[in-house]
Amino acid sequence: MVASNSAVVLIVEDEPLIRFNVLDVLEDVGHVALEAANADEAMVVLKGRPDVDILFTDVNMAGSMDGIQLAKRVRAMRPNIGIIITSGMVRLDPMALPANTAFLPKPYLHDTLITTIDSLMA
């Protein structure tokens with residue numbers, strides 16, 4: 001599978017194996033993948049990279065905020081960024097999410113993630 005539009009995607013995932021796997025998958029299809037282990041690291045990356053198109057964040061992680069709080073803060077800072085929230089612990093109602101936001105329950109297929117990124121870039 002190849003991405004229809006190349007995007008700069010910030011992956012926020014505290015589990016290194018998952019983070020590295022997603023990074024490889026996204027780079028293989030033509031996206032630029034950045035990484036952060038928690039929301040605090042993500043905020044540092046976002047301050048230095050105004051070109052981030054998509055935030056892909058897990059809900060449950062250590063640090064000063066969880067993925068939902070991170071998504072809200074990023075949405076306030078950058079209203080046009082696409083946001084994908086994932087979790088194996090909680091289920092979010094896609095209808096309750098703000099515009100340009102998607103929820104992917106874990107485990108998700110890589111093709112589903114790529115398709116979701118493409119749809120948020122359209």
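Residue positions within a chain follow its written sequence, with the count starting from 1. With the structure being a predicted model, the display of local features is reserved for residues of pLDDT at least 70 and the display and counting of side-chain atom pairs for 80 or more, all residues being used for whole-chain, interface and lining totals. In computing side-chain properties, one takes all heavy atoms of the structure into account and sets aside hydrogens as well as water.

An unreviewed UniProt entry annotates the protein as Response regulator of Rhizobium bangladeshense.

Peer 1: Looking at this structure, how should I read unusual backbone geometry?
Peer 2: Generally, phi is negative for residues other than glycine and the peptide bonds are trans, each holding for most cases. Look at the link from Lys106 to Pro107: it is a cis peptide, with omega at -5°. Comment: elements are numbered from the N terminus, with helices defined as DSSP H or I runs of at least four residues and strands as E runs of at least two. Relative to the helices and strands, Pro107 is located in the loop between β5 (101-105) and α4 (110-121).

Peer 1: What should I look at first to understand the pairing of strand β3 (residues 54-58) in this one?
Peer 2: On any regular strand, side chains alternate: one points to one face of the sheet, the next to the other face. Most of β3 is tucked away: 5 of the 5 residues are buried. Taking every second residue as pointing to the same face, both faces of β3 are buried, with Ile54, Phe56 and Asp58 on one and Leu55 and Thr57 on the other. Strands are treated as partners if at least two bridges between them are detected by DSSP. Pairing between strand β1 (residues 8-12) and β3: 4 bridges, direction parallel. Paired with Val12 across the bridge in β3 is Thr57. Summarising the sheet, β3 and strand β4 (residues 82-87) pair through 5 bridges and their orientation is parallel. Bridge pairing in β4 places Leu55 opposite Ile83. Using a 1.4 Å probe on the protein chains alone, a residue whose accessible area is under 20% of its type maximum counts as buried, one over 50% counts as exposed, and one in between counts as partly exposed.

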